[in-house]
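Coordinate analysis (summary)
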Amino acid sequence: MSNSVSVYIEYYVKKSVVYQYEKQMENVLDLLTELGAANLQWYVSPKADNLYVEQFHLPTEAYFHALKKLRVSNENHIIKELNQYIEGGVESITFLACKKCS
């Protein structure tokens, strides 16, 4: 897995729909696994209200770019439902892919 990337996805969830968001994330985590994600972690910040972070590994940068494209679109019904819960819409999602230095 030397070409693998660690992926971080960060966004705020609307306060009024946190429960629905968390239920939908169960489907999103399953979808991410189907799309090649491994070592999935899902966090909420204890200091910033409703700030959520997803962290996982993907096999290549190409997987990251494809996943990023999917996450900002409404082509997939699971992602479409998730996107409606994000404060500021898909434009406010932060994506970061990192490779190991050595």
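Anything mentioned here points back to the structure above.
Note that the structure is a prediction, hence the values are computed from the model and not measured.

1. Concerning the overall build of the protein chain
Across its full length, the protein chain carries three helices and four strands. Ordered by position in the sequence, the α and β elements of the protein chain form the string β-α-β-β-α-α-β. Taking 2.2 N^0.38 as the reference for a compact globule, 102 residues should give roughly 13 Å; the C-alpha atoms of the protein chain span a radius of gyration of 13 Å, in line with that estimate. The dimensions of the protein chain, computed from C-alpha atoms along their principal axes, are 40 × 30 × 20 Å. Counting over 102 residues, the protein chain shows a buried share of 39%. When the accessible area of the protein chain is evaluated, it comes to approximately 6,300 Å², of which 51% is carbon and sulfur surface. Between the mean site of the 10 positive side-chain charges and the mean site of the 12 negative ones, the protein chain shows a separation of 4 Å.

2. Looking at the pairing of strand β1 (residues 5-12)
Summarising the sheet, β1 and strand β3 (residues 51-58) pair through eight bridges and their orientation is antiparallel. Across the sheet, residue Ser 6 finds its bridge partner in β3, namely His 57. Two elements, β1 and strand β4 (residues 94-98), share five bridges in a ladder whose sense is antiparallel. In the sheet register, Val 7 faces β4, and the bridge partner there is Ala 97.

3. Some thoughts on the nonpolar core
By size, the foremost hydrophobic cluster in this structure holds 27 residues, and its most contacted members are Tyr 11, Val 13, Tyr 21, Phe 56 and Leu 58. For this core, the elements supplying multiple residues, two or more each, are β1, α1 (18-34), β3, α2 (61-71) and α3 (77-83). The element best represented in this core is α1, accounting for six residues. The residues touching Phe 56, leaving out its near neighbours within four places in the chain, are Val 5, Ser 6, Val 7, Ile 9, Leu 32, Ala 37, Ala 38, Asn 39, Leu 40 and Leu 67.

4. Details of α1
Taking 1.5 Å per residue, 17 residues should reach 24 Å; α1 reaches 24 Å between its end C-alpha atoms and fits that length. Maximum bend of α1: about 25°, positioned at Met 25. Residues Val 18, Tyr 21, Gln 24, Met 25, Val 28, Leu 31 and Leu 32 constitute the buried set of α1. On its buried face, α1 is in contact with β1, β2 (38-44), β3, α2 and α3. Looking one or two residues beyond α1, the residue adopting positive phi is Gly 36, at roughly 105°.

5. Quick word on α2
Turning to α2, its buried residues are Phe 64, Leu 67, Leu 70 and Arg 71. Down the axis of α2, the sector holding all buried residues measures 125°, keeping them to one side. Facing away from the buried side of α2, by more than 90 degrees, are the exposed residues Ala 62 and Lys 69. In the core, the buried residues of α2 are packed alongside β1, α1, β3, α3 and β4. The N-terminus of α2 is capped by Thr 60, whose side-chain oxygen sits 3.3 Å from the backbone nitrogen of Ala 62.

The rules behind the values
- Residues numbered from 1 in each chain as written.
- Predicted model: local features only at pLDDT ≥ 70, side-chain atom pairs only at ≥ 80, totals over all residues.
- Heavy atoms only, no water.
- Helix = DSSP H or I, 4+ residues; strand = E, 2+ residues; numbered from the N terminus.
- Rg over C-alpha atoms; globule rule 2.2 N^0.38 Å.
- Buried < 20%, exposed > 50% of the residue type's maximum accessible area, 1.4 Å probe, protein only.
- Areas by Shrake-Rupley, 256 points an atom, 1.4 Å probe, with all protein chains shown as cover.
- Lys, Arg positive; Asp, Glu negative; His and termini not counted.
- Charge placed at Lys NZ, Arg CZ, Asp CG, Glu CD.
- Pairing = 2+ DSSP bridges.
- Core = buried A, V, L, I, M, F, W, Y, C linked by side-chain atoms within 4.5 Å.
- Contact = heavy atoms within 4.5 Å.
- Expected span 1.5 Å × (residues − 1).
- Bend = angle between axes of the 7 residues up to and from the residue.
- Arc of directions from axis to C-beta.
- Polar contact = N/O pair within 3.5 Å; in protein donor to acceptor, adjacent residues only side chain to side chain.

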